[in-house]
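Listed below are the residues making up each chain.
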Amino acid sequence: MNSIVRRIDEGLRQGVAVDDFRGAMRDLAGGVSVVTVGRGDEISGMTVTSVSSLSVEPATLIVSINRQASSWPLLKKHGVFGVNVLSIEHRDVAERFSGAGGLSGAERFAGAEWVNLVSGVPLLAGALVAFDCEVEHVVERHSHAIVIGRVLDLRISTGAPALVYWQRQYLALDHDRDSSTRSETGLPTPKALWQI
Ligand SMILES: Cc1cc2nc3c(=O)[nH]c(=O)nc-3n(C[C@H](O)[C@H](O)[C@H](O)COP(=O)(O)O)c2cc1C
(Lines give C-alpha, C1' and ligand atoms only; values in the text may rest on other atoms or scores of the structure.)
Protein backbone atom coordinates (compact mmCIF):
# COMPACT_ATOMS: atom_id res chain seq x y z
CA MET A 1 0.00 0.00 0.00
CA ASN A 2 1.26 3.49 -0.83
CA SER A 3 1.45 5.99 1.95
CA ILE A 4 2.60 9.58 2.09
CA VAL A 5 4.15 10.80 5.30
CA ARG A 6 4.87 14.50 5.28
CA ARG A 7 8.24 15.19 6.87
CA ILE A 8 7.91 18.22 9.06
CA ASP A 9 10.85 20.14 10.43
CA GLU A 10 11.18 19.04 14.07
CA GLY A 11 11.18 22.71 15.11
CA LEU A 12 7.72 23.16 13.63
CA ARG A 13 6.39 19.90 15.02
CA GLN A 14 5.13 21.34 18.29
CA GLY A 15 1.88 19.44 18.08
CA VAL A 16 -1.11 20.28 20.21
CA ALA A 17 -1.72 19.41 23.84
CA VAL A 18 -3.53 16.11 24.38
CA ASP A 19 -6.36 17.76 26.30
CA ASP A 20 -6.82 20.42 23.59
CA PHE A 21 -7.09 17.75 20.90
CA ARG A 22 -9.42 15.57 22.95
CA GLY A 23 -11.63 18.58 23.70
CA ALA A 24 -11.68 19.66 20.07
CA MET A 25 -12.70 16.19 18.89
CA ARG A 26 -15.75 16.36 21.17
CA ASP A 27 -17.19 18.85 18.65
CA LEU A 28 -17.17 16.19 15.95
CA ALA A 29 -20.59 14.51 16.10
CA GLY A 30 -20.47 10.84 15.20
CA GLY A 31 -22.95 8.10 14.48
CA VAL A 32 -22.58 5.34 17.05
CA SER A 33 -21.83 1.77 15.95
CA VAL A 34 -20.69 -1.40 17.65
CA VAL A 35 -17.86 -3.34 16.02
CA THR A 36 -18.28 -7.05 16.74
CA VAL A 37 -15.46 -9.57 16.43
CA GLY A 38 -14.87 -13.31 16.72
CA ARG A 39 -17.01 -16.38 16.22
CA GLY A 40 -18.78 -18.91 18.44
CA ASP A 41 -17.96 -18.43 22.13
CA GLU A 42 -14.86 -16.39 21.36
CA ILE A 43 -16.58 -13.06 20.73
CA SER A 44 -16.26 -9.47 21.84
CA GLY A 45 -16.96 -6.02 20.54
CA MET A 46 -16.59 -2.33 21.15
CA THR A 47 -18.52 0.89 20.70
CA VAL A 48 -17.07 3.18 18.03
CA THR A 49 -17.75 6.45 16.25
CA SER A 50 -14.84 6.15 13.82
CA VAL A 51 -16.63 4.24 11.05
CA SER A 52 -16.58 5.78 7.61
CA SER A 53 -17.11 4.49 4.10
CA LEU A 54 -13.99 4.09 1.99
CA SER A 55 -15.29 3.11 -1.44
CA VAL A 56 -18.61 2.08 -2.93
CA GLU A 57 -17.18 -0.16 -5.65
CA PRO A 58 -15.99 -2.38 -4.12
CA ALA A 59 -17.98 -1.80 -0.96
CA THR A 60 -15.38 -1.06 1.70
CA LEU A 61 -15.38 0.82 4.98
CA ILE A 62 -12.80 1.92 7.52
CA VAL A 63 -12.80 1.98 11.29
CA SER A 64 -10.06 2.96 13.68
CA ILE A 65 -9.50 0.63 16.59
CA ASN A 66 -7.38 1.12 19.68
CA ARG A 67 -4.83 -1.71 19.75
CA GLN A 68 -5.21 -1.91 23.55
CA ALA A 69 -8.90 -2.82 23.20
CA SER A 70 -9.82 -6.42 23.99
CA SER A 71 -11.46 -6.73 20.55
CA TRP A 72 -8.21 -6.11 18.69
CA PRO A 73 -6.61 -9.58 19.07
CA LEU A 74 -9.88 -11.27 18.05
CA LEU A 75 -10.24 -9.05 15.02
CA LYS A 76 -6.73 -9.97 13.90
CA LYS A 77 -7.17 -13.67 14.66
CA HIS A 78 -10.47 -14.20 12.83
CA GLY A 79 -10.02 -11.62 10.06
CA VAL A 80 -13.69 -10.66 10.07
CA PHE A 81 -15.81 -8.09 11.87
CA GLY A 82 -19.30 -6.64 11.99
CA VAL A 83 -20.28 -2.97 12.02
CA ASN A 84 -23.66 -2.50 13.68
CA VAL A 85 -25.09 1.00 13.24
CA LEU A 86 -27.13 1.78 16.36
CA SER A 87 -30.51 3.43 16.78
CA ILE A 88 -31.77 5.10 19.95
CA GLU A 89 -33.17 1.72 20.96
CA HIS A 90 -29.60 0.55 21.49
CA ARG A 91 -28.27 3.08 23.95
CA ASP A 92 -27.80 0.28 26.50
CA VAL A 93 -25.91 -1.77 23.88
CA ALA A 94 -23.61 1.22 23.26
CA GLU A 95 -22.86 1.49 26.96
CA ARG A 96 -22.21 -2.25 27.42
CA PHE A 97 -19.81 -2.35 24.47
CA SER A 98 -17.94 0.74 25.68
CA GLY A 99 -16.81 -1.27 28.69
CA ALA A 100 -19.05 0.64 31.10
CA GLY A 101 -20.25 -1.65 33.86
CA GLY A 102 -17.17 -3.83 33.56
CA LEU A 103 -18.67 -6.39 31.17
CA SER A 104 -16.25 -8.11 28.83
CA GLY A 105 -16.28 -10.48 25.86
CA ALA A 106 -19.46 -12.52 25.37
CA GLU A 107 -21.12 -10.87 28.43
CA ARG A 108 -21.57 -7.69 26.38
CA PHE A 109 -23.95 -9.51 23.99
CA ALA A 110 -26.54 -10.43 26.65
CA GLY A 111 -29.98 -8.83 26.36
CA ALA A 112 -29.98 -8.26 22.58
CA GLU A 113 -30.67 -10.49 19.59
CA TRP A 114 -27.75 -11.44 17.32
CA VAL A 115 -27.69 -13.09 13.90
CA ASN A 116 -25.02 -14.35 11.47
CA LEU A 117 -24.70 -13.65 7.77
CA VAL A 118 -21.68 -14.80 5.73
CA SER A 119 -18.63 -14.37 7.98
CA GLY A 120 -20.05 -15.90 11.15
CA VAL A 121 -19.42 -12.77 13.21
CA PRO A 122 -22.40 -11.79 15.41
CA LEU A 123 -24.54 -8.98 13.98
CA LEU A 124 -27.16 -7.03 15.93
CA ALA A 125 -30.59 -8.13 14.64
CA GLY A 126 -32.23 -4.71 15.12
CA ALA A 127 -29.33 -2.51 14.02
CA LEU A 128 -30.20 0.30 11.59
CA VAL A 129 -27.67 -1.38 9.33
CA ALA A 130 -25.37 -4.32 10.05
CA PHE A 131 -22.34 -4.72 7.78
CA ASP A 132 -20.70 -8.14 7.63
CA CYS A 133 -17.03 -7.51 6.81
CA GLU A 134 -13.79 -9.28 5.98
CA VAL A 135 -10.53 -7.55 6.91
CA GLU A 136 -8.92 -6.37 3.70
CA HIS A 137 -6.03 -4.32 5.08
CA VAL A 138 -4.77 -2.96 8.39
CA VAL A 139 -2.59 0.10 8.95
CA GLU A 140 -1.12 0.12 12.46
CA ARG A 141 -0.30 3.67 13.42
CA HIS A 142 0.36 5.19 16.84
CA SER A 143 -2.05 3.71 19.42
CA HIS A 144 -4.63 2.65 16.84
CA ALA A 145 -5.11 0.56 13.73
CA ILE A 146 -7.04 1.71 10.69
CA VAL A 147 -8.95 -1.36 9.58
CA ILE A 148 -10.23 -1.55 6.01
CA GLY A 149 -13.14 -3.96 5.71
CA ARG A 150 -14.61 -5.48 2.55
CA VAL A 151 -18.38 -5.62 3.00
CA LEU A 152 -19.50 -9.19 2.31
CA ASP A 153 -23.15 -8.65 3.10
CA LEU A 154 -25.43 -6.21 4.87
CA ARG A 155 -28.78 -6.17 6.60
CA ILE A 156 -31.06 -3.15 6.97
CA SER A 157 -33.66 -3.25 9.73
CA THR A 158 -35.62 -0.33 11.10
CA GLY A 159 -36.22 3.33 10.47
CA ALA A 160 -35.72 4.28 14.10
CA PRO A 161 -33.87 7.51 14.94
CA ALA A 162 -30.08 7.24 14.81
CA LEU A 163 -27.89 7.24 17.90
CA VAL A 164 -25.31 10.04 17.76
CA TYR A 165 -22.49 10.94 20.15
CA TRP A 166 -21.52 14.57 20.57
CA GLN A 167 -19.99 16.55 23.42
CA ARG A 168 -19.86 13.38 25.57
CA GLN A 169 -23.63 12.87 25.26
CA TYR A 170 -25.79 10.38 23.42
CA LEU A 171 -28.27 12.16 21.16
CA ALA A 172 -31.10 11.00 18.92
CA LEU A 173 -31.21 12.17 15.31
CA ASP A 174 -34.48 11.92 13.44
CA HIS A 175 -36.05 13.42 10.37
CA ASP A 176 -39.58 14.20 9.34
CA ARG A 177 -40.91 10.99 7.82
CA ASP A 178 -43.91 12.75 6.24
CA SER A 179 -43.01 12.94 2.54
CA SER A 180 -45.28 15.98 2.02
CA THR A 181 -42.86 18.07 4.08
CA ARG A 182 -39.77 17.07 2.14
CA SER A 183 -37.56 19.96 1.19
CA GLU A 184 -37.08 21.13 -2.41
CA THR A 185 -33.96 19.00 -2.64
CA GLY A 186 -36.03 15.90 -2.00
CA LEU A 187 -33.95 15.12 1.05
CA PRO A 188 -35.69 14.43 4.35
CA THR A 189 -36.04 17.49 6.56
CA PRO A 190 -34.13 17.12 9.80
CA LYS A 191 -36.74 17.07 12.51
CA ALA A 192 -35.04 16.78 15.81
CA LEU A 193 -31.84 16.20 17.64
CA TRP A 194 -32.46 15.52 21.28
CA GLN A 195 -30.60 14.19 24.23
CA ILE A 196 -31.41 10.70 25.46
C1 LIG B 1 -19.24 6.91 21.89
C2 LIG B 1 -17.94 6.13 21.91
C3 LIG B 1 -17.19 6.05 20.76
C4 LIG B 1 -15.99 5.33 20.74
N5 LIG B 1 -15.28 5.24 19.57
C6 LIG B 1 -14.15 4.50 19.54
C7 LIG B 1 -13.44 4.32 18.31
O8 LIG B 1 -13.84 4.81 17.26
N9 LIG B 1 -12.30 3.57 18.34
C10 LIG B 1 -11.83 3.01 19.51
O11 LIG B 1 -10.79 2.37 19.47
N12 LIG B 1 -12.50 3.16 20.67
C13 LIG B 1 -13.64 3.86 20.72
N14 LIG B 1 -14.34 3.98 21.89
C15 LIG B 1 -13.84 3.31 23.09
C16 LIG B 1 -14.20 1.82 23.09
O17 LIG B 1 -15.59 1.60 22.99
C18 LIG B 1 -13.69 1.20 24.40
O19 LIG B 1 -12.36 1.57 24.61
C20 LIG B 1 -13.70 -0.28 24.35
O21 LIG B 1 -14.97 -0.84 24.15
C22 LIG B 1 -13.27 -0.82 25.70
O23 LIG B 1 -12.22 -1.67 25.47
P24 LIG B 1 -12.16 -3.12 26.13
O25 LIG B 1 -12.92 -4.01 25.21
O26 LIG B 1 -10.70 -3.37 26.15
O27 LIG B 1 -12.81 -3.05 27.48
C28 LIG B 1 -15.53 4.70 21.92
C29 LIG B 1 -16.30 4.80 23.10
C30 LIG B 1 -17.50 5.50 23.09
C31 LIG B 1 -18.32 5.58 24.35
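These numbers come from a predicted model, not from an experiment. For every chain, the first residue of the written sequence is number 1, and numbering continues from 1 along that sequence. Totals for whole chains, interfaces and linings use every residue, but because this is a predicted model, local features are given only for residues with pLDDT of at least 70 and side-chain atom pairs only at 80 or more, for both listing and counting. No hydrogens and no water enter the side-chain calculation; it runs on all heavy atoms of the structure.

A. Fine view of the overall build of the protein. Helices and strands together make up the secondary structure of the protein, namely three helices and 13 strands. Any residue under 20% of the maximum accessible area for its type is buried, any over 50% is exposed, and the rest in between are partly exposed; the area is computed with a 1.4 Å probe on protein chains only. Counting over 196 residues, the protein shows a buried share of 35%. Across the protein, contacts joining residues at least 24 apart in sequence account for 62% of those joining residues at least 6 apart. Strands here are runs of E lasting at least two residues and helices are runs of H or I lasting at least four, both read from the DSSP assignment and numbered beginning at the N terminus. Contact between two residues is taken to exist if any of their heavy atoms lie within 4.5 Å; hydrogens are not considered.

B. Fine view of the sheet that holds strand S9 (residues 129-141). Note on pairing: two strands pair once DSSP finds at least 2 bridges between them. Ordered in space as S3-S2-S6-S9-S10-S5-S4, the seven strands form an open sheet in which the pairing is antiparallel. The strands lining the two open edges of the sheet, one partner per strand, are strand S3 (42-48) and strand S4 (52-55). Sheet twist, expressed as the average angle between the axes of neighbouring strands with direction ignored, equals 35°. For strand S2 (residues 33-39) and S3, the ladder comprises seven bridges, and the chain directions are antiparallel. Each residue of the ladder has a partner; that of Thr36, found in S3, is Gly45. Helix H2 (residues 71-78) contacts S2, S3, strand S5 (60-66), strand S6 (80-85), S9 and strand S10 (144-156) of the sheet and is inclined by roughly 120° relative to S3. Axis lines are fitted to C-alpha atoms, over the contacting stretch for helices. Their N-to-C directions set the angle, which ranges from 0 to 180 degrees.

C. Geometry of the side chain of Ser71. Along the chain, Ser71 falls in helix H2. Overall, the relative accessible area of 3% leaves Ser71 in the buried class.

D. Summary view of a nonpolar patch on the surface. A surface patch of nonpolar side chains, amounting to about 430 Å² of accessible area, comprises Val16, Phe21, Met25 and Leu28. Among the secondary structure elements, Met25 is positioned in helix H1 (residues 18-25). Candidates for patches are residues over 30% relative accessible area with no salt bridge; among them, like charges are joined within 9 Å and nonpolar side chains (Val, Leu, Ile, Met, Phe, Trp, Tyr) within 5 Å. Each accessible area value is a Shrake-Rupley result obtained with a 1.4 Å probe; residue values ignore everything except the protein chains displayed when judging cover. We define a salt bridge as a side-chain nitrogen of Lys or Arg found within 4 Å of a carboxyl oxygen belonging to Asp or Glu.

E. How the structure looks around the pattern of salt bridges. Under the criterion given, the structure shown has six salt bridges. Between Glu42 and Lys77 there is a salt bridge, with the nearest N and O atoms lying 2.9 Å from each other. Separated by 35 residues along the polypeptide, Glu42 in strand S3 and Lys77 in helix H2 bring together distant segments of the chain. You can call Glu42 partly exposed: its relative accessible area is 32%. Residue Lys77 is classed as exposed on the basis of its relative accessible area of 55%. Between Asp92 and Arg96 there is a salt bridge, and its shortest N-O distance comes to 3.6 Å. Here Arg96 and Asp92 lie together in helix H3 (residues 91-97), a separation of four residues that amounts to about one turn.

F. Just the site of the ligand, in detail. If even one non-hydrogen atom of a residue comes within 4 Å of a molecule or strand, that residue is called near it. Around the ligand sit 16 residues in total, of which Thr47, Ser50, Asn66, Ser70 and Phe97 are the nearest. Within the contact set of the ligand, an oxygen atom lies 2.8 Å away from a backbone nitrogen or oxygen of Asn66. The fraction of the free accessible surface of the ligand (640 Å²) that becomes covered by protein chains is 74%. Mapped by element, the contributors of at least two residues to the shell around the ligand are S3 and S5. We call two N or O atoms a polar contact when they sit within 3.5 Å, provided that within protein one can donate a hydrogen and the other can accept it, with sequence-adjacent residues counted only if both atoms are side-chain atoms.

G. Quick peek at the environment of Ser44. Within the element layout of this structure, Ser44 appears in strand S3. For Ser44 and Phe97, which are 53 residues apart along the polypeptide, the C-alpha to C-alpha distance reads 8.4 Å.

H. View of H2. Within the span of H2, buried status applies to Ser71, Trp72, Leu74, Leu75 and His78. Along H2, the residues classed as buried sweep out an arc of 165° about the axis, all on the same side. The outward face of H2, more than 90 degrees from its buried face, is lined by the exposed residues Lys76 and Lys77. In the stretch just after H2, Gly79 is the one whose phi turns positive, near 70°. Of all possible arcs, the one meant is that of the directions from the helix axis to the C-beta atoms.

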